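Chain by chain, the residues run as shown.
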Amino acid sequence: MNQATGWIDTALSAGPSVETIGTLGPAGTSSEQAALYLWADHGRGGPPAVRLYDTYEEAGDALRAGAVSHVVVANAYASVHAFYMDPSLRFAGAFLFDTPHYGIAVSQGHRIPKAARIATHPAPVPLVEELLPEEYSVAEIRYATSTSAAADQARRREADLALTTMPAAKAHSLEFISRTRPIRMLWSVFTLACADS
Ligand SMILES: O=C(O)C(=O)Cc1ccccc1
């Protein structure tokens, strides 16, 4: 799939400068890659100031507390609605950015049961049905706080398999048992409503 990019810029160029970006971690998430992309295009230069939080909501709290200047949230995250509705926050822009490749991965040496427990973040859950090899079925979906947290569940064998990204699979020593593909995604950027513009 080709990488197509584009920006909806309502207050990114004219708004507060991009000093620090908060998003969903830990390292290896799609959100981390999206934040690095935002930094490369709009950051103040120098090493990327990207802070990773266990949930998007914690990143939102960091924005309200002034610990970060911008927050990036995937539009596939159902609870992005709370960011749009919060009068203390402002939608500053959005950009198209393909995620890293997603696939279904297993901890090396783990014997996969035919009916498997599969860890995933809620946002990409439809990919489980699309990518799971046909010799397996879903015994249970175990929701994780992120793609990297899902990989960690597989590493600890709390789940048999994880739907995760290539960077997170590598970091957790998982191997893919399915084909992989990126997800074309729109990412929303928020600032504080009262920040200088
Ligand atoms: O950023 C991640 O890796 C996530 O866990 C959330 C997510 C999942 C799929 C597409 C976009 C964001």
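Residues numbered from 1 in each chain as written. Predicted model: local features only at pLDDT ≥ 70, side-chain atom pairs only at ≥ 80, totals over all residues.

Peer 1: What's the story with the site of the ligand in this structure? I'm lost.
Peer 2: Around the ligand sit 15 residues, and of these Thr29, Ser31, Ala74, His121 and Thr147 come closest. Classifying every residue of the shell around the ligand by side-chain character gives 7 nonpolar, 8 polar and no charged. The two domains that each donate at least three residues to the shell around the ligand are domain 1 (6-99 + 184-192) and domain 2 (102-176). (Near = placed C-beta within 6 Å. Nonpolar A, V, L, I, M, F, W, Y, C, P; charged D, E, K, R; others polar. Domains from an automatic or database assignment.)

Peer 1: Please explain the sheet that holds strand E4 (residues 70-74) as it appears in this structure.
Peer 2: Spatial ordering of the open sheet is given by E1-E5-E11-E4-E2-E3, a layout of 6 strands whose pairing is mixed. This sheet does not close on itself; its edge strands, each paired only once, are strand E1 (6-9) and strand E3 (50-53). Within the sheet, the average angular offset between the axes of one strand and its neighbour, ignoring direction, is 25°. With 4 bridges connecting them, E1 and strand E5 (residues 89-98) associate as antiparallel partners. What sits directly across from Ile8, in E5, is Ala94. Across the sheet, helix H1 (residues 30-42) is in contact with strand E2 (21-24), E3, E4, E5 and strand E11 (184-192); its angle to E2 comes to roughly 160°. Strand contacts of helix H2 (residues 56-64): E2, E3, E4, E5 and E11, with the helix running at about 160° to E2, the strand carrying the most contacts. (Pairing = 2+ DSSP bridges. Helix = DSSP H or I, 4+ residues; strand = E, 2+ residues; numbered from the N terminus. Axes fitted to C-alpha atoms, helices over the stretch in contact; angles between N-to-C directions. Contact = placed C-beta atoms within 7 Å.)

Peer 1: Any chance you could explain the domain arrangement of the protein chain here in plain terms?
Peer 2: What the domain assignment lists for the protein chain is domain 1 (6-99 + 184-192) and domain 2 (102-176). For domain 1 versus domain 2, the distance between C-alpha centres works out to 26 Å. Each partner contributes to the interface: domain 1 provides 14 residues, whereas domain 2 provides 12 residues. For the side of domain 1 that touches domain 2, a count of residues per class yields 7 nonpolar, 6 polar and 1 charged.

Peer 1: Whenever I open this one, the environment of Ile104 confuses me. Can you help?
Peer 2: Counting through the fold element by element, Ile104 comes out in strand E6 (residues 102-107). Measuring from C-alpha to C-alpha, the distance between Ile104 and Ser13 comes to 38 Å, with 91 residues separating the pair along the chain. With residues up to four places along the chain from it excluded, the contact list for Ile104 reads Leu131, Leu132, Leu161, Leu163, Phe176, Ile177 and Ser178.

Peer 1: For this particular structure, what's the right way to read the pairing of strand E8 (residues 137-143)?
Peer 2: Side-chain direction in a regular strand flips from residue to residue, so the side chains alternate between the two faces of the sheet. As judged from the 6 bridges shared by strand E7 (residues 115-120) and E8, these two strands associate in the parallel manner. If you follow Ala115 over to E8, its bridge partner there is Ser137. Between E7 and its parallel partner E8, the chain crosses via helix H4 (residues 126-131), and the hand of that crossover is right-handed. (Right-handed = clockwise from strand over helix to strand, strands pointing away.)

Peer 1: Can you help me understand the nonpolar core in this one?
Peer 2: Generally speaking, a soluble globular protein has its nonpolar side chains buried in company with each other. Residues Ile21, Leu38, Val72, Val73 and Phe190 are the most contacted members of the largest nonpolar core, which totals 30 residues. Within the residue set of this core, elements represented by two or more residues are E2, H1, E3, H2, E4, E5 and E11. Not counting residues within four places of it along the chain, the set of residues in contact with Leu38 comprises Val18, Ile21, Val72, Phe95 and Val189. Ranked by size, the runner-up nonpolar core spans 18 residues in total, among them Val106, Ala149, Ala150 and Leu163. (Core = buried A, V, L, I, M, F, W, Y, C linked by C-beta atoms within 7 Å. Buried ≥ 20, exposed ≤ 12 C-beta atoms within 10 Å, placed from the backbone.)

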